[in-house]
Amino acid sequence: MTRPFIYVTRKCSKEQLQPLYEIANVEMWPEEEIPCPRELLLEKAKKADALLTMLSDAIDKQLLDEAKQLKVVANLAVGFDNIDVRYAKERGVVVCNTPDVLTDTTADLTFGLILATARRLMEASDFVKNNQWKSWGPLLLAGHDVHHKTIGIVGMGKIGQAVAKRATGFEMNILYHNRSRNEEAESRFGASYASLDELLAKADFVICLTPLTEETRELFNKEAFKKMKTSAIFINVSRGAVVNEDDLYEALTKNEIAGAGLDVFLNEPIEADHPLVGLNNVVALPHIGSASFDTRYTMMNLCAENIASVLKGEEPKTRVVVK
Ligand code: DGY
């Protein structure tokens with residue numbers, strides 16, 4: 001019997017993918033920071049039984065139509081907006097993601113971004129490194145407090161809840177907005193449900209954690225930023241397309257809001273000359289929400305486990321379910 005063929009679209013740890021090497025012929029794109037070119041991905045997909053993909057790979061109709069043998073796509077991310085999941089379902093291709101295992105790591109990063117933006121940590125660090133520190137000053141690099149402020153979490157899924165849990169340690173007042181009420185967040189962390197408008201008007205920190213869907217695309221636009229406090233700090237750890245970046249730039253430069261901490265952008269990677277990066281009140285990170293060694297290795301393990309299950313005809317641990 002011929003062994004199945006699995007294509008991994010980015011250099012991953014072979015140790016974590018070991019179970020796949022035992023059951024299949026595995027090929028891997030050798031670069032860590034350069035994505036697999038589209039043409040090559042299409043060529044590999046044509047003969048692949050399984051793909052282990054990154055959020056930068058478009059798994060669209062064209063690819064799914066051409067990938068006649070494809071049985072499973074395992075995305076190394078909790079988000080799956082890069083995959084046409086509905087069409088994959090129509091074609092009988094199972095899609096898997098990596099929920100749960102990255103929750104705490106992403107919540108830690110979210111809080112790091114809140115603190116870095118509010119307390120101007122990057123500016124302060126550059127200040128020292130650039131030899132600008134000449135004296136202690138009463139308002140030198142003064143920022144905004146985080147403790148006891150109001151945090152507004154838009155998207156109260158598992159990561160939202162883990163952020164809420166951390167916010168209780170800072171004795172913050174927690175508001176959230178979500179498609180449906182989250183009773184666990186209310187009872188465990190004292191979070192209060194708010195309409196989006198109420199949250200935007202009251203929160204000192206507006207945290208975007210909502211997945212990218214047609215409903216959430218550009219949810220944070222001119223109107224939304226105008227509803228926020230002028231002292232508000234906007235944090236995005238979800239997807240860049242949930243924000244209208246031109247509107248965010250305008251809100252920041254017209255002092256309609258005080259700052260932004262951004263782990264994600266509309267077109268990634270961005271260049272250093274991206275308008276938002278040039279602003280002192282912006283902390284910009286290169287989409288590292290879940291990037292700890294432990295978590296990324298666990299995500300690779302989970303992708304391997306999911307692929308192996310589907311190829312054996314078993315139910316994968318974390319299948320993406322669409323209605
Ligand atoms: C995800 O898992 O969707 C993250 O954005 C990747 O870090």
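Details of the structure are given in the entry above.
Residues numbered from 1 in each chain as written. Predicted model: local features only at pLDDT ≥ 70, side-chain atom pairs only at ≥ 80, totals over all residues. Heavy atoms only, no water.

Examining the overall build of the chain
Here comes step 1: Within the chain, the regular secondary structure consists of twelve helices and twelve strands.
Here comes step 2: Against the 2.2 N^0.38 benchmark of 20 Å for 323 residues, the chain shows a C-alpha radius of gyration of 21 Å, consistent with a compact globule.
Here comes step 3: Considered along the principal axes of its C-alpha atoms, the chain spans approximately 75 × 45 × 30 Å.
Here comes step 4: Burial status across the chain gives 50% buried among its 323 residues.
Here comes step 5: Sequence separation of at least 24 residues holds for 57% of the intrachain contacts in the chain that already meet a minimum separation of 6.
Here comes step 6: Carbon and sulfur atoms provide 51% of the accessible area of the chain, an area that totals close to 16300 Å².
Here comes step 7: The average position of the 38 basic charges and that of the 46 acidic charges among the side chains of the chain differ by 2 Å. (Helix = DSSP H or I, 4+ residues; strand = E, 2+ residues; numbered from the N terminus. Rg over C-alpha atoms; globule rule 2.2 N^0.38 Å. Buried < 20%, exposed > 50% of the residue type's maximum accessible area, 1.4 Å probe, protein only. Contact = heavy atoms within 4.5 Å. Areas by Shrake-Rupley, 256 points an atom, 1.4 Å probe, with all protein chains shown as cover. Lys, Arg positive; Asp, Glu negative; His and termini not counted. Charge placed at Lys NZ, Arg CZ, Asp CG, Glu CD.)

Notes on unusual backbone geometry
Here comes step 1: P269 follows E268 through a cis peptide bond whose omega is 0°.
Here comes step 2: Tracing the chain through its elements places P269 in the loop between β11 (259-262) and β12 (282-284).
Here comes step 3: One non-glycine residue with positive phi stands out, namely N131, at about 60°.
Here comes step 4: For N131, the position within the fold is in the loop between α6 (121-129) and β6 (150-154).
Here comes step 5: In this structure, H287 is a non-glycine residue whose phi angle is positive, near 50°.
Here comes step 6: Structurally, H287 can be placed in the loop between β12 and α12 (293-311).

Comments concerning the sheet that holds strand β4 (residues 72-75)
Note on sheets: strands pair through backbone hydrogen bonds, and any given pair is parallel or antiparallel.
Here comes step 1: Spatial ordering of the open sheet is given by β2-β1-β3-β4-β5, a layout of five strands whose pairing is parallel. The open sheet has two edge strands with one neighbour each: β2 (25-28) and β5 (94-96). The sheet shows a mean angle of 15° between the axes of neighbouring strands, taken without regard to direction.
Here comes step 2: When strand β1 (residues 5-8) meets strand β3 (residues 50-53), the two strands line up parallel, connected through three bridges. Paired with I6 across the strands is A50, a residue of β3.
Here comes step 3: In the packing of helix α2 (residues 38-47) onto the sheet, contacts are made with β1, β2 and β3, and the angle to β1 comes to roughly 160°.
Here comes step 4: Each of β1, β3, β4 and β5 is contacted by α12, which is oriented at about 170° to β4, the strand it contacts most. (Pairing = 2+ DSSP bridges. Axes fitted to C-alpha atoms, helices over the stretch in contact; angles between N-to-C directions.)

Just geometry here; none of it tells us what the structure is for.
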